[in-house]
Amino acid sequence: MFRSMLVRSSSSAKQWLLGRSFSSGSVPERKVAILGAAGGIGQPLALLMKLNPLVSTLSLYDIANTPGVAADVGHINTRAEVVGYTGDDNLYKALEGADLVIIPAGVPRMPGMTRDDLFNINAAIVKTLSSAIAKYCPHALVNMISNPVNSTVPIAAEIFKKACMYDEKKLFGVTTLDVVRAKTFFAANANLPVADVNVPVIGGHAGVTILPLFSQATPQANLSGDVLTALTKRTQDGGTEVVEAKAGRGSATLSMAYAGALFADACLKGLNGVPDVVECSYVQSTITELPFFASKVRLGKNGVEEVLDLGPLSDFEKEGLEALKPELKSSIEKGVKFVKQ
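Residues numbered from 1 in each chain as written. Predicted model: local features only at pLDDT ≥ 70, side-chain atom pairs only at ≥ 80, totals over all residues. Heavy atoms only, no water.

What to know about the overall build of the protein chain
(1) Moving on: Scanning the protein chain from terminus to terminus reveals 11 helices and 11 strands.
(2) Moving on: Since a compact globule built from 341 residues should have a radius of gyration of about 20 Å, the 19 Å found for the protein chain is in line with a globular shape.
(3) Moving on: In terms of its C-alpha atoms, the protein chain occupies a principal-axis envelope of roughly 65 × 50 × 45 Å.
(4) Moving on: Within the protein chain, buried positions represent 50% of all 341 residues.
(5) Moving on: Pairs at least 24 residues apart make up 71% of the contacts formed inside the protein chain by residues separated by at least 6 positions.
(6) Moving on: Taken as a whole, the protein chain presents about 15700 Å² of accessible surface, with 53% of it coming from carbon and sulfur. (Helix = DSSP H or I, 4+ residues; strand = E, 2+ residues; numbered from the N terminus. Rg over C-alpha atoms; globule rule 2.2 N^0.38 Å. Buried < 20%, exposed > 50% of the residue type's maximum accessible area, 1.4 Å probe, protein only. Contact = heavy atoms within 4.5 Å. Areas by Shrake-Rupley, 256 points an atom, 1.4 Å probe, with all protein chains shown as cover.)

Comments concerning the packing of helix α2 (residues 42-50) against helix α10 (residues 253-271)
(1) Moving on: Following both chains from N to C, one finds α2 and α10 inclined at 40°, their axes separated by 8 Å at the closest point. The hand of the α2/α10 crossing is right-handed. Taking contact as the criterion, the partners of Pro-44, Leu-45, Leu-48 and Met-49 in α2 are, on α10, Thr-253, Leu-254, Ala-257, Tyr-258, Gly-260, Ala-261, Ala-264 and Leu-268.
(2) Moving on: Broken down by class, the residue content of the contact of α2 with α10 amounts to 10 nonpolar, two polar and no charged. (Axes fitted to C-alpha atoms, helices over the stretch in contact; angles between N-to-C directions. Left-handed = near helix turned anticlockwise from the far one by under 90°. Nonpolar A, V, L, I, M, F, W, Y, C, P; charged D, E, K, R; others polar.)

Structural notes on empty space enclosed by the protein
(1) Moving on: The final tally for this structure, using the stated rule, is one cavity of 30 Å³ or more.
(2) Moving on: By volume, the largest cavity amounts to about 80 Å³.
(3) Moving on: The wall of the largest cavity is formed by Ile-133, Ala-134, Cys-137, Pro-138, Ala-140, Val-142, Phe-160, Met-165, Tyr-166, Asp-167, Lys-170 and Leu-171.
(4) Moving on: Counted by class, the lining of the largest cavity contains 10 nonpolar, no polar and two charged residues. (1 Å grid on protein atoms, 1.4 Å probe; cavity = no way out; pocket = protein on both sides within 12 Å on 5 of 7 lines; lining within 4 Å. Points joined across faces, edges and corners; volume = space filled by probe spheres on them.)

Some words on the UniProt feature "domain: Lactate/malate dehydrogenase N-terminal" (unreviewed entry) in the protein chain
(1) Moving on: In the numbering adopted here, UniProt assigns the feature "domain: Lactate/malate dehydrogenase N-terminal" (unreviewed entry) to residues 31-173.
(2) Moving on: Helix makes up 41% of residues 31-173 and strand 20%, and the two end C-alpha atoms of the span are 20 Å apart. (UniProt positions renumbered as here; feature names shortened; annotations may be inferred.)

Re the nonpolar core
(1) Moving on: Membership of the largest hydrophobic core comes to 45 residues, with the highest contact counts inside it found for Leu-35, Leu-95, Val-101, Ile-103 and Ile-133.
(2) Moving on: Contributions of two or more residues to this core are made by β1 (31-35), α4 (91-95), β4 (100-103), α5 (115-136), β5 (141-144), α6 (149-162), β10 (292-300) and α11 (315-340).
(3) Moving on: Shared between two domains, this core holds at least three residues of each, these being domain 1 (31-174) and domain 2 (175-340).
(4) Moving on: Apart from the residues within four sequence positions on either side, Leu-95 is in contact with Lys-31, Ala-33, Leu-35, Val-101, Ala-132, Ile-133, Tyr-136 and Cys-137.
(5) Moving on: Residues Leu-60, Leu-100, Met-256 and Leu-299 belong to the second largest nonpolar core, which totals 44 residues. (Core = buried A, V, L, I, M, F, W, Y, C linked by side-chain atoms within 4.5 Å. Domains from an automatic or database assignment.)

What to know about helix α3 (residues 66-74)
(1) Moving on: Among the residues of α3, Thr-66, Val-69, Ala-70 and Val-73 are the ones counted as buried. Buried positions in α3, seen along its axis, are confined to an arc of 100° and lie on one side of it.
(2) Moving on: Elements that come into contact with the buried residues of α3 comprise α2, β2 (57-62) and β3 (81-86). (Arc of directions from axis to C-beta.)

A word on the state of the cysteines
(1) Moving on: Counted under the stated rule, the structure contains zero disulfides.
(2) Moving on: Cys-137 forms no disulfide, and the closest cysteine sulfur to it belongs to Cys-267, at a distance of 14 Å.
(3) Moving on: Take Cys-164: it sits in no disulfide, and the sulfur closest to it among the cysteines is that of Cys-137, at 17 Å.
(4) Moving on: For Cys-164, a relative accessible area of 68% gives the class exposed. (Disulfide = S-S within 2.5 Å.)

Some thoughts on helix α7 (residues 176-190)
(1) Moving on: Between its first and last C-alpha atoms α7 spans 21 Å; for 15 residues at 1.5 Å apiece the expected length is 21 Å, and the two agree.
(2) Moving on: Burial analysis of α7 places 12 of its 15 residues in the buried class, which makes it a mostly covered element.
(3) Moving on: Those residues of α7 that fall on the buried side of the exposure criterion are Thr-176, Leu-177, Asp-178, Val-179, Val-180, Arg-181, Ala-182, Lys-183, Phe-185, Phe-186, Ala-187 and Ala-190.
(4) Moving on: At its buried positions, α7 is contacted by β7 (201-203), β8 (210-212), α8 (225-236), α9 (238-245), α10 and β9 (277-284).
(5) Moving on: Looking one or two residues past α7, Asn-191 carries a phi angle of roughly 55°, positive in sign. (Expected span 1.5 Å × (residues − 1).)

Focus: the confidence of the model for the protein chain
(1) Moving on: Of the residues in the protein chain, 93% have a pLDDT of 70 or more, and the chain-wide mean is 92.
(2) Moving on: Under a pLDDT of 50 for its full length, residues 1-24 has, in the predicted model, 21 contacts with residues more than four places off or in other chains. (pLDDT = per-residue confidence, 0-100.)

Quick notes on the environment of Val-304
(1) Moving on: Its place among the elements puts Val-304 in strand β11 (residues 303-307).
(2) Moving on: A sequence separation of 18 residues divides Val-304 from Glu-322, and the C-alpha atoms of the two residues are 25 Å apart.
(3) Moving on: What Val-304 contacts, discounting residues up to four positions off in sequence, is Glu-168, Lys-169, Phe-172, Val-283, Val-297 and Arg-298.

Observations regarding the packing of aromatic side chains
(1) Moving on: On inspection of all chains with the given rule, the structure shows five aromatic pairs.
(2) Moving on: A ring pair is formed by Phe-172 and Phe-263, whose centres lie 5.5 Å apart and whose planes are at 65°; its orientation type is edge-to-face. One end of the pair, Phe-172, is in strand β6 (residues 171-173); the other, Phe-263, is in helix α10, with 91 residues separating them in the sequence. You'll find Phe-172 and Phe-263 in the same group, each marked buried. (Phe/Tyr/Trp six-rings, centres within 6.5 Å; stacked < 30°, edge-to-face > 60°.)

This is the structure we're talking about:
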């Protein structure tokens, strides 16, 4: 009886891990590279991507410890073959032939760390990795997780432009964690099954630039203005909530890995021709006056197939949209300036 319980539990866990997005069947060969694979986000992200049947080759890169991560993850009995690489000399091997590159490399937020502190370290890392992508896999989709995403995506764009390899349809800032949090918090307050809930999140990926559109949430719920204001604030401060809860021992690594895996799966589905794949992401955009903006994006074989309109906003959301623009504009300009200097 105990053995049968374990089997049933294992089957249920596998279905839960694969989630709503992961699919099976006859699919193309796809190589996914994770840059920063030995870090706090990189390791659980590597595990989740190993579970994804859309991945045929999983290439793990970091400055150290990657062979151990690759050996560990590589023992899991799923489709993807896993290889680990370390050192500058092996970066080209990690990237060559990649269809999708995910970048969680860099340092996480720690208590007391300002956005400038984070930028000063991670900007240089993103610049180096983006240069390598432009050289070794210029046609790959790029999923940027390294913070501050509001600045690191423009940094990558400028590097690709310098290399004459920029395709705005293939560069994404991963904002899925904001959507995951908005769904979780909304469902709990509305007493709804979280799996049935959808909440678009627009703007950017830091503090006030994160704007969940609870007026467009489905299913709808009759929540008061005060509750929606509190949910918006909690979604914006979700990262800080985790940093403080971990008391200096880390940031939102596990939930970020989950969100990164969801968005990567959506990108792979788009590449494979699955229709109507729509996710929120921070991309080059013309739906506002800002050159980069997070909103709903339709994904396809070329990356971004369509940046969707924002749709109707509540008065509260309209105010939030105008309030976020100056900070987002400043973050974008900071990233561009970093490269041009």
